[in-house]
Amino acid sequence: MKLGLWILGGILFLGIGVYQSVYRVAHANVIALSHGPNPELEWLRQEFAIEDAQWEVIRTLHAAHDEQCLAFCAELEATNADLLGLMRESREVTPEVEAVLRKATELRERCRRTTLQHVYEVSRNMSPEAGKRYVEMMTTHLVDESWHEHMVPGYPGNEATSHGKHP
Amino acid sequence: MLGLNNLNHMNETQPEEPDDRLKDLLEEWKVEGEAPSTFEAGVWRKIDSSRQDEWSPMVWVDRWLAGLCSPAIAGALAAVVISLAWAGGLAQSRTAEAQAMQELRGQYVAAIDPLARLSGWEAR
């Protein structure tokens, strides 16, 4: 019985070792990707199988858009703060409140338009098939206000994607 | 009262011959020949066997662990455990990979869309 217990323990230990090894080896790519300097850009490159020449252009486009994006973020935050202050001070919709509301709406529209323009530019630097899929994926996020919920794995209609395959 | 008297009478008059005859026969009976040398061991083996036939978890575990001492059974079990561990590790890594890819996709959207960035995806 004692020998049997040792053999059973050895087999289970071996099983745990195999499980851990296979998991680590198979997951190594994602770990390397997630801990890289720009994981989101590396995701883009892998997901849409972007070639080196295309990648250089896309990186340049991304860097330029990132600056615009940061400027929009600062502007949006400032406008939102103004709007919140005015809304809390007033007890009715004053012309000032209306003006800031209009400004916030216009700003959001500009953000959407600029982002959409960037999406189209990036897609033009991909293969036609990848570009089409990229536009479909990104526009879904741009239109759907609750897009972040769709990021949750297991969310209905949000199947896991794999490299170079349709979502 | 009449019935009881009759019963007592019957007991008194019943012949004792069958008991006497059995007694005589038992006195006359002798065991001929000798039991084989393995007789006692065989009896104990049968007793052990009947004990083991009784189901109990400990008996089952004992038998199972004893079976593992056989190289064929241990090898087969090891093969099954390794296969399951391999498949489980692969399935788990794929699930984790899909989840990580979803996260990165969200980070990319937040990187290109100021509204998404402000909605707090990066803080998640």
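Described below are features of the structure shown in this document. Just so you know, these numbers come straight off a predicted model, no measurement behind them.

1. Observations regarding the overall build of chain B
- Helix and strand counts for chain B stand at six helices and zero strands.
- Traced from its N-terminal end to its C-terminal end, chain B shows the element sequence α-α-α-α-α-α.
- Relative to its full complement of 124 residues, chain B shows a buried share of 24%.
- Of the roughly 9,500 Å² of accessible surface on chain B, 59% is carried by carbon and sulfur atoms.

2. Examining the packing of aromatic side chains
- Per the counting criterion, the structure on display carries five aromatic pairs over all chains.
- Taken together, a centroid distance of 5.7 Å and an interplanar angle of 40° make the contact between Trp-43 of chain A and Tyr-108 of chain B tilted. One end of the pair, Trp-43 of chain A, is in helix α2 (residues 39-47); the other, Tyr-108 of chain B, is in helix α5 (residues 71-112), on a second chain. Assigned by exposure class, Trp-43 of chain A and Tyr-108 of chain B land together as buried.
- For the pair Phe-48 of chain A and Tyr-134 of chain A, a centre-to-centre distance of 5.4 Å together with 90° between the ring planes defines the contact as edge-to-face. Here Tyr-134 of chain A lies in helix α5 (residues 128-143) and Phe-48 of chain A lies in the loop between α2 and α3 (52-89), a separation of 86 residues in the sequence.

3. Describing the interface of chain B and chain A
- On the side of chain A, 56 residues touch chain B, which itself brings 43 residues to the contact.
- Across the chain B/chain A interface, buried area totals approximately 4,500 Å², and carbon plus sulfur atoms make up 76% of it.
- Ranking the residues of chain B by area buried against chain A places Arg-105, Tyr-108 and Leu-115 of chain B at the top, with a combined share of 17%.
- A salt bridge links Asp-66 of chain A to Arg-117 of chain B, with the nearest nitrogen and oxygen atoms 2.9 Å apart.

4. Quick look at α2 of chain A
- Of all the residues in α2 of chain A, the buried ones are Pro-39, Glu-40, Leu-41, Trp-43, Leu-44 and Glu-47 of chain A.
- Buried residues along α2 of chain A sit against α1 (2-34), α3 and α5 of chain A together with α5 of chain B.
- Ala-49 of chain A occupies a position one or two residues after α2 of chain A and carries a positive phi of about 45°.

5. Notes on a nonpolar patch on the surface
All names here are of chain B.
- Judged by side-chain polarity, Leu-22, Leu-26, Trp-29 and Val-31 come together as a nonpolar surface patch covering roughly 510 Å² of accessible area.
- Secondary-structure assignment places Val-31 in the loop between α2 (17-28) and α3 (39-53).
- On the accessibility criterion, Val-31 (68% relative accessible area) is exposed.

6. A short note on helix α4 (residues 95-124) of chain A
- Here α4 of chain A spans 43 Å end to end across 30 residues, near enough to the 44 Å set by a 1.5 Å rise per residue.
- Those residues of α4 of chain A that fall on the buried side of the exposure criterion are Val-97, Val-100, Ala-104, Leu-107, Cys-111, Thr-114, Thr-115, His-118, Val-119, Val-122 and Ser-123 of chain A.
- Those residues of α4 of chain A that are buried lie in contact with α3 and α5 of chain A together with α5 and α6 (114-118) of chain B.

7. Overview of the packing of α2 of chain A against α3 of chain A
All names here are of chain A.
- Look at α2 against α3: their axes get within 12 Å of each other, and the N-to-C directions meet at 145°. The crossing of α2 and α3 is right-handed. Facing Leu-41, Glu-42, Leu-44 and Arg-45 of α2, the residues of α3 in contact are Asp-52, Trp-55, Ile-58 and His-62.
- Here the residues of the contact of α2 with α3 are counted per class, giving four nonpolar, one polar and three charged.

8. What to know about unusual backbone geometry
- Non-glycine residue Ala-49 of chain A carries a positive phi angle of around 45°.
- Inspection of the secondary structure assignment puts Ala-49 of chain A in the loop between α2 and α3.

9. Overview of the nonpolar core
- With 23 residues, the main nonpolar core has Trp-43, Leu-44, Phe-48, Met-126, Tyr-134 and Met-138 of chain A together with Tyr-108 of chain B as its most contacted residues.
- Elements with a contribution of two residues or more to this core: α2, α3, α4 and α5 of chain A together with α5 of chain B.
- At six residues, α5 of chain A tops the list of elements feeding residues into this core.
- Contacts of Trp-43 of chain A, omitting those with residues within four sequence positions, involve Leu-33, Phe-48, Met-137 and Met-138 of chain A together with Met-101, Leu-104, Arg-105 and Tyr-108 of chain B.

10. Describing a negative patch on the surface
- On the surface, Glu-17, Asp-19, Asp-20, Asp-24, Glu-27 and Glu-28 of chain B cluster together to form a negatively charged patch.
- For Asp-24 of chain B, a relative accessible area of 39% translates into the label partly exposed.

11. A closer look at the pattern of salt bridges
Residue and element names in this part refer to chain A.
- Counted under the stated rule, the structure contains six salt bridges over all chains.
- Its salt-bridge partner being Glu-75, residue Arg-110 comes within 3.8 Å of it at the nearest N-O pair. Note that Arg-110 is positioned in helix α4 and Glu-75 in helix α3, a separation of 35 residues in sequence.
- The class of Arg-110 is partly exposed, set by a relative accessible area of 34%.
- Among the salt bridges present, the one from Lys-132 reaches Glu-136, with a minimum N-O distance of 3.2 Å. Highlighted residues: Lys-132 and Glu-136, both in helix α5, separated by four residues, approximately one helical turn.
- On the accessibility criterion, Lys-132 (55% relative accessible area) is exposed.

Cut-off values and rules
Residues numbered from 1 in each chain as written. Chains lettered and ligands numbered in written order. Predicted model: local features only at pLDDT ≥ 70, side-chain atom pairs only at ≥ 80, totals over all residues. Heavy atoms only, no water. Helix = DSSP H or I, 4+ residues; strand = E, 2+ residues; numbered from the N terminus. Buried < 20%, exposed > 50% of the residue type's maximum accessible area, 1.4 Å probe, protein only. Areas by Shrake-Rupley, 256 points an atom, 1.4 Å probe, with all protein chains shown as cover. Phe/Tyr/Trp six-rings, centres within 6.5 Å; stacked < 30°, edge-to-face > 60°. Contact = heavy atoms within 4.5 Å. Buried area = accessible area lost by both parts, 1.4 Å probe. Salt bridge = Lys/Arg side-chain N within 4 Å of Asp/Glu carboxyl O. Patch = residues over 30% accessible without salt bridge, like charges linked within 9 Å, V, L, I, M, F, W, Y side chains within 5 Å. Expected span 1.5 Å × (residues − 1). Axes fitted to C-alpha atoms, helices over the stretch in contact; angles between N-to-C directions. Left-handed = near helix turned anticlockwise from the far one by under 90°. Nonpolar A, V, L, I, M, F, W, Y, C, P; charged D, E, K, R; others polar. Core = buried A, V, L, I, M, F, W, Y, C linked by side-chain atoms within 4.5 Å. Lys, Arg positive; Asp, Glu negative; His and termini not counted. Charge placed at Lys NZ, Arg CZ, Asp CG, Glu CD.

Keep in mind that these numbers describe shape and distance, not what the molecule does.
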